[in-house]
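Here are the chains, one letter per residue:
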Amino acid sequence: MIEPMSPKYEWGQRVRTLLDLENDGSYPDQPEEAILVPAGETGEIVRVGHHVDANISVYIVEFSNKFVVGCLEDELELEIQENR
């Protein structure tokens, strides 16, 4: 049995997209392949899941445009907050 990979990110963390996130058909009211969230947009992880067959973490991220999108680790990075 393969041990599940530990997630890189946690619930509640602020993240930024590294690339445009397109509609894969999950949003039927949007055109297929429409950009739901542009690269550089920030959001908050609201759930962390695991795809058992692929042994990868899946992050459910809520973005400011109110889209909630499932993302993979290579699509995200932590949002760096500047000290003021």
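These numbers were taken from a predicted model, which means no experiment stands behind them.

Reading the values: rules and limits
Residues numbered from 1 in each chain as written. Predicted model: local features only at pLDDT ≥ 70, side-chain atom pairs only at ≥ 80, totals over all residues. Heavy atoms only, no water. Pairing = 2+ DSSP bridges. Helix = DSSP H or I, 4+ residues; strand = E, 2+ residues; numbered from the N terminus. Axes fitted to C-alpha atoms, helices over the stretch in contact; angles between N-to-C directions. Buried < 20%, exposed > 50% of the residue type's maximum accessible area, 1.4 Å probe, protein only. Contact = heavy atoms within 4.5 Å. Patch = residues over 30% accessible without salt bridge, like charges linked within 9 Å, V, L, I, M, F, W, Y side chains within 5 Å. Areas by Shrake-Rupley, 256 points an atom, 1.4 Å probe, with all protein chains shown as cover. Salt bridge = Lys/Arg side-chain N within 4 Å of Asp/Glu carboxyl O. Lys, Arg positive; Asp, Glu negative; His and termini not counted. Charge placed at Lys NZ, Arg CZ, Asp CG, Glu CD.

J.: It is not clear to me how the sheet that holds strand E4 (residues 42-51) should be interpreted in this structure. Could you clarify?
T.: Sheet strands associate in pairs through backbone hydrogen bonding, adopting either a parallel or an antiparallel arrangement. If you trace the five strands from one edge of the open sheet to the other, you get E6-E5-E4-E1-E7, paired in antiparallel fashion. Edge strands, defined here as strands with exactly one partner in the open sheet, are strand E6 (68-71) and strand E7 (76-78). Adjacent strand axes in the sheet meet at a mean angle of 45°, parallel and antiparallel pairs treated alike. Looking at chain direction, strand E1 (residues 14-17) and E7 are connected through three bridges and run antiparallel.

J.: Teacher, can you tell me more about the environment of Glu32 here?
T.: Mapping Glu32 onto the fold places it in the loop between strand E2 (21-22) and strand E3 (35-37). Residue Glu32 is classed as exposed on the basis of its relative accessible area of 59%. Between the C-alpha atoms of Glu32 and Glu22, which are 10 residues apart in sequence, the distance is 7.8 Å. In contact with Glu32, not counting residues within four places along its chain, are Asn23, Asp24 and Gly25.

J.: Just checking my understanding: could you explain a negative patch on the surface for this structure?
T.: Together, Asp20, Glu22, Asp24, Glu32 and Glu33 make up a region of like negative charge exposed at the surface. Topologically, Glu33 is positioned in the loop between E2 and E3.

J.: I tried to follow the pattern of salt bridges on my own but got confused; where do I start?
T.: Side-chain pairs of opposite charge can arise where the charged atoms are in close proximity. Applying the stated criterion across every chain yields a total of two salt bridges. The partner of Arg14 in a salt bridge is Glu79, and the shortest N-O contact between them spans 3.2 Å. With Arg14 in strand E1 and Glu79 in the segment after E7, this pair connects stretches of sequence that are 65 residues apart. Given a relative accessible area of 32%, Arg14 falls into the partly exposed group.

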